[in-house]
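Report on the structure
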Amino acid sequence: AIINFGSINIDHVYQVEHFVRPGETIASTHYQQLLGGKGANQSIALAQAGADVRHVGSIHESDASFKQALIKKGVDCRGVKCNDTPSGHAIIQVTPSGENAIVLFGGANQTITADTVSAALKETSSSDWVLTQNETSSIDDVLKQASDKQLKVAFNPAPMSDSVKHLPLDCIDLLIVNETEAAAITGKEALDEIISAFQANWPDAEVIITLGKQGVKMLRGDDVISVEAFSVDAVDTTAAGDTFIGYFLSAYCNHTDARQALIRGCAASAIAVTREGAAQSIPSQQEVDRFLAK
Ligand code: ADP
């Protein structure tokens, strides 16, 4: 199984004529409530890709319907606790040109403790993977405890913050970053320098750098595997990274060859960017198979 310690957010999406200015009150022309959070998106992508995924997280008891939505997507949610802390949520303003401005509140995502982690990792098997992002509390415990149990540890430090550098990064087997995160972690700007820095400072971990429509590079020791992105008409790149991670990891955990797993990740995320939205844009396995057969 893949045990994902991840955020579950409620995205409140408001269409507005322009972003609200200081002191101003404006009416929204359309409102939608959607299941979101990088953690939930990645669990959904893993489940859509056919992986056995267990989500560990927390939401407010009045939002149990969002847990049901995850279960309906095929995610094992026995590790999702409902408590009395407000659910994590995002207030998202979207303008007619598609730009967004977001206020994020961590809420229940920040109530994960070291005890939550040890309870969730009590019954594991040696083939299990642990995955986490940077939207929940006690990430250091997740990395340390999983590594102590000799489970494979995958980390996606998104959204990037200064605290990431202080985490026990030596516990990580697989680091998945986009260009911004890769630059922040290594302190380098040019891609070749970023790659050299990872190879020099992190020889034992595998590192995947996603490069948007440039595709993806995977570093394994001195080897660099490059896979190009598929050429599509992108309309909304939200959750591209989450879709890539779910589809890549599902295949890779199942011992698919690294290049083939990268190609599946790129195909699934290429489909996702041709559709609006986050979780709702993540394709099914059949759609990915059909896309690759073309
Ligand atoms: P993030 O969403 O985390 O910033 P990226 O933008 O690097 O991550 O996108 C993740 C993956 O999604 C890329 O490696 C690529 O395979 C795919 N992707 C993203 N944008 C496009 C695009 N415009 N066309 C095709 N594939 C894309």
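This one's a predicted model, so the numbers in the text were calculated from it and none came from an experiment. Once a new chain begins, its residue numbering starts again from 1 and follows that chain's sequence as written. Per-residue local features are limited, in this predicted model, to residues with pLDDT of at least 70; the limit for side-chain atom pairs, both in listing and counting, is 80 or more; totals at the level of whole chains, interfaces and linings are taken over all residues.

Section: the overall build of the protein chain
What counts here: Secondary structure elements are defined from DSSP: runs of H or I of at least 4 residues count as helices, runs of E of at least 2 residues count as strands, and each element is numbered from the N terminus. Radius of gyration: C-alpha atoms only; globule rule: 2.2 Å multiplied by the number of residues to the exponent 0.38. Whether a residue is buried, exposed or partly exposed is read from the other C-beta atoms within 10 Å of its own C-beta, which are placed from the backbone; 20 or more gives buried, 12 or fewer gives exposed, and intermediate counts give partly exposed. We call two residues in contact whenever the C-beta atoms placed from their backbones are within 7 Å.
Per the secondary structure count, the protein chain includes nine helices and 13 strands. For 294 residues, the compact-globule estimate of 2.2 N^0.38 gives 19 Å, and the C-alpha radius of gyration of the protein chain, at 19 Å, lies within 12% of that figure. Counting over 294 residues, the protein chain shows a buried share of 44%. Across the protein chain, every contact between residues at least 6 apart in sequence was considered, and the portion connecting residues at least 24 apart equals 65%.

Things to note about the site of the ligand
Quick reminder of the rule: Whether a residue is near a molecule or strand depends on its C-beta atom, placed from the backbone, lying within 6 Å of it. As a working rule, the residues Ala, Val, Leu, Ile, Met, Phe, Trp, Tyr, Cys and Pro are called nonpolar, Asp, Glu, Lys and Arg charged, and the rest polar, with Gly in that last group.
Thr210, Ala234, Ala240, Gly241 and Ser269 are the nearest of the 19 residues found near the ligand. Breaking the shell around the ligand down by element, the ones donating at least two residues are α7 (240–253) and α8 (258–273). Broken down by element, the residue count for the shell around the ligand peaks at four residues, all from α8. Grouping the amino acids of the shell around the ligand by side-chain chemistry returns 11 nonpolar, seven polar and one charged.

Considerations on the sheet that holds strand β8 (residues 129–132)
The line we're drawing: Here a strand pair is declared whenever DSSP counts at least two bridges between the two strands. Angles here are taken between N-to-C directions and fall from 0 to 180 degrees, while the axes themselves are lines fitted to C-alpha atoms, restricted in helices to the stretch in contact.
Reading across the sheet, the nine strands line up as β5-β4-β1-β8-β9-β10-β11-β12-β13 and stay open at both edges, with mixed pairing between neighbours. Each having just a single partner strand, β5 (76–83) and β13 (223–227) make up the two edges of the open sheet. This sheet shows a mean twist of 15 degrees between the axes of neighbouring strands, independent of strand direction. In this sheet, strand β12 (residues 216–220) lies alongside strand β11 (residues 206–210) in antiparallel orientation, the contact comprising four bridges. The partner of Val207 across the bridge, within β12, is Leu219. Contacting β4 (53–60) and β5, helix α2 (residues 64–72) crosses the sheet at an angle of about 175 degrees to β5.

Notes on the packing of α8 against helix α9 (residues 285–293)
Going by this rule: Here is the rule for angles: anything less than 35 degrees is roughly parallel, anything more than 145 is roughly antiparallel, 65 through 115 is roughly perpendicular, and the remaining ranges are oblique.
In contact at an axis separation of 9 Å, α8 and α9 are set at 105 degrees when each is read in the N-to-C sense. If you check the angle between α8 and α9, you find them roughly perpendicular. Contacts between α8 and α9 pair Arg264, Ala267, Ala268 and Ile271 from the former with Glu287, Val288, Phe291 and Leu292 from the latter. Residues of the contact of α8 with α9, tallied by class, amount to six nonpolar, no polar and two charged.

Details of the nonpolar core
Rules: As used throughout, a nonpolar core is a set of buried Ala, Val, Leu, Ile, Met, Phe, Trp, Tyr and Cys residues joined through C-beta atoms within 7 Å of each other.
Within the largest apolar cluster, 78 residues are counted, with the highest numbers of intra-cluster contacts made by Ile2, Phe248, Leu249 and Cys266. A per-element tally of this core places α8 first, with 10 residues. Setting aside its immediate chain neighbours within four residues, Ile2 contacts Leu46, Ala51, Asp52, Val53, Trp129, Leu131, Leu249 and Cys253.

Regarding the confidence of the model for the protein chain
Under the convention used in this document: The predictor attaches a confidence to each residue, called pLDDT, with possible values from 0 through 100.
Residues with a pLDDT of 70 or more make up 100% of the protein chain, whose mean pLDDT is 96. Scoring the predicted complex yields pTM 0.96 and, for the interface, ipTM 0.99.

A word on the UniProt feature "binding site: ATP" (unreviewed entry) in the protein chain
Let me state the cut-off plainly: UniProt positions are given in the numbering used here, feature names are shortened, and annotations may be inferred rather than shown by experiment.
Under the feature "binding site: ATP" (unreviewed entry), the UniProt entry names Asn178, Thr210, Leu211, Gly212, Lys213, Gln214, Gly215, Gly241 and Asp242. Under the C-beta neighbour-count criterion, Gly241 is labelled buried, with 25 such atoms within 10 Å. Contact partners of Gly241, with chain neighbours within four places excluded, come to Ala158, Asn178 and Thr210.

A look at the pairing of β11
Summarising burial for β11: five of the five residues are buried, a large majority. Here β11 shows no split at all, with Glu206, Ile208 and Thr210 on one side and Val207 and Ile209 on the other all buried. Connecting the antiparallel pair β11 and β12 is a turn made up of five residues, with Gly212 showing a positive phi of about 55 degrees.

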